[in-house]
Amino acid sequence: MPKIPSPFKALPMERRQWLVLQALARHKSAKALYAQRIAAKGGGFRASTLVSWPADKVGKEALRLGALTPQDELELLQLLYVDLEPQYQITFLDTMGVAHENGVLPEDLEAPYADADAVKKGAEAVLAAHGDAGRHYLRTLVVYNLAAWPGLDRVVPAEG
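Residues numbered from 1 in each chain as written. Predicted model: local features only at pLDDT ≥ 70, side-chain atom pairs only at ≥ 80, totals over all residues. Heavy atoms only, no water.

(A) A look at the overall build of the protein. Counting secondary structure elements, the protein contains 8 helices and 0 strands. Summarising its shape, the C-alpha atoms of the protein cover approximately 55 × 40 × 25 Å along the three principal directions. Residues classed as buried in the protein amount to 38% of the 160 residues present. Sequence-distant contacts, at least 24 apart, represent 60% of the contacts inside the protein between residues at least 6 apart. Total accessible area computed for the protein in this model is approximately 8,900 Å², and 52% of it derives from carbon and sulfur atoms. Within the protein, the 19 negative side-chain charges are centred at a point lying 12 Å from the centre of the 18 positive side-chain charges. (Helix = DSSP H or I, 4+ residues; strand = E, 2+ residues; numbered from the N terminus. Buried < 20%, exposed > 50% of the residue type's maximum accessible area, 1.4 Å probe, protein only. Contact = heavy atoms within 4.5 Å. Areas by Shrake-Rupley, 256 points an atom, 1.4 Å probe, with all protein chains shown as cover. Lys, Arg positive; Asp, Glu negative; His and termini not counted. Charge placed at Lys NZ, Arg CZ, Asp CG, Glu CD.)

(B) Structural view of the packing of helix 6 (residues 87-96) against helix 7 (residues 116-145). The geometry of helix 6 relative to helix 7 is characterised by a closest axis approach of 7 Å and an angle of 175° between their N-to-C directions. Relative to helix 7, helix 6 is oriented roughly antiparallel. Of the residues that constitute the contact of helix 6 with helix 7, the class distribution is 13 nonpolar, 7 polar and 1 charged. (Axes fitted to C-alpha atoms, helices over the stretch in contact; angles between N-to-C directions. Parallel < 35°, antiparallel > 145°, perpendicular 65-115°, else oblique. Nonpolar A, V, L, I, M, F, W, Y, C, P; charged D, E, K, R; others polar.)

(C) Spotlight on the pattern of salt bridges. Inspection of every chain in the model, using the stated rule, returns 5 salt bridges. The closest approach of N and O atoms between Glu 85 and Arg 15, which form a salt bridge, is 2.6 Å. Taken together, the positions of Glu 85 in the loop between helix 5 (70-84) and helix 6 and Arg 15 in helix 1 (residues 13-26) put the pair 70 residues apart, joining distant regions of the chain. Take Glu 85: its relative accessible area is 14%, and that puts it in the buried class. Overall, Arg 15 belongs to the partly exposed group, its relative accessible area being 26%. (Salt bridge = Lys/Arg side-chain N within 4 Å of Asp/Glu carboxyl O.)

(D) Region of the structure containing the environment of Leu 93. Mapped onto the secondary structure, Leu 93 falls in helix 6. Once the C-alpha coordinates of Leu 93 and Arg 46 are considered, the two residues, 47 residues apart in sequence, prove to be 45 Å apart. Leaving out residues up to four positions away in the same chain, Leu 93 has contacts with Val 98, His 100, Gly 103, Leu 105 and Trp 149.

(E) Region of interest: helix 2 (residues 28-40). Of all the residues in helix 2, the buried ones are Ala 30, Tyr 34, Ala 35 and Ile 38. One side of helix 2 carries all its buried residues, which in axial view fall inside an arc of 130°. Pointing more than 90 degrees away from the buried face of helix 2 are the exposed residues Lys 28, Ser 29 and Ala 40. Where the residues of helix 2 are buried, they touch helix 1, helix 3 (47-51), helix 4 (55-65) and helix 5. (Arc of directions from axis to C-beta.)

(F) Quick peek at the environment of Leu 141. Inspection of the secondary structure assignment puts Leu 141 in helix 7. With 15 residues separating them in the primary sequence, Leu 141 and Val 156 have C-alpha atoms 9.6 Å apart.

(G) The arrangement of the packing of aromatic side chains in detail. On inspection of all chains with the given rule, the structure shows 7 aromatic pairs. On the numbers, 5.0 Å between centres and 75° between planes, the contact of Phe 45 with Trp 53 is edge-to-face. Under the relative-accessibility criterion, Phe 45 is labelled partly exposed at 42%. Using a relative accessible area of 11% as the deciding quantity, one classes Trp 53 as buried. When the ring of Tyr 88 is compared with that of Tyr 137, the centres are 6.2 Å apart and the planes differ by 25°; the resulting orientation is stacked. Remark: Tyr 137 occurs in helix 7 and Tyr 88 occurs in helix 6; sequence separation between them is 49 residues. Residue class for Tyr 88 comes out buried when judged on its relative accessible area of 7%. Positioned over the ring face of Trp 53 is Lys 57, at 4.2 Å from the centre of the ring. (Phe/Tyr/Trp six-rings, centres within 6.5 Å; stacked < 30°, edge-to-face > 60°. Lys NZ or Arg CZ within 6 Å of the ring centre and 35° of its normal.)

Everything listed here is a matter of geometry and, on its own, says nothing about what the molecule does.
Below you can see the structure in the form of structure tokens.
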């Protein structure tokens, strides 16, 4: 059985590069962190040298070497779907009637956030409105947070 790529790795390379650049631009500590990870992979560069590189070069090298951790990938997907492109999450939450502010859930909200019938309706609305990009968003939820969205994996399987 073939290995299912992570939702981050399922994105086209240019989209992953764009997302890493967005993280580097928004989070000043990201460049040093990625530089450390690249240096740890070997290849002869020290982290102090890598930090002096332009952000796009650091980002491309981090992706080329596979220097991002699963936690980095999750944080990049959260950046994508909460900060950069919240329209998928807004459609999903609005359809289910889940309270949010521009796609951001209240801190005190406890999972599961909706019942399976509402989740199904929300997922169908995302697919209808956003197509394949919406499918990727939903698949990300299945992989990382299925407990919060009961039955979502019956609408969009993890390997989809």
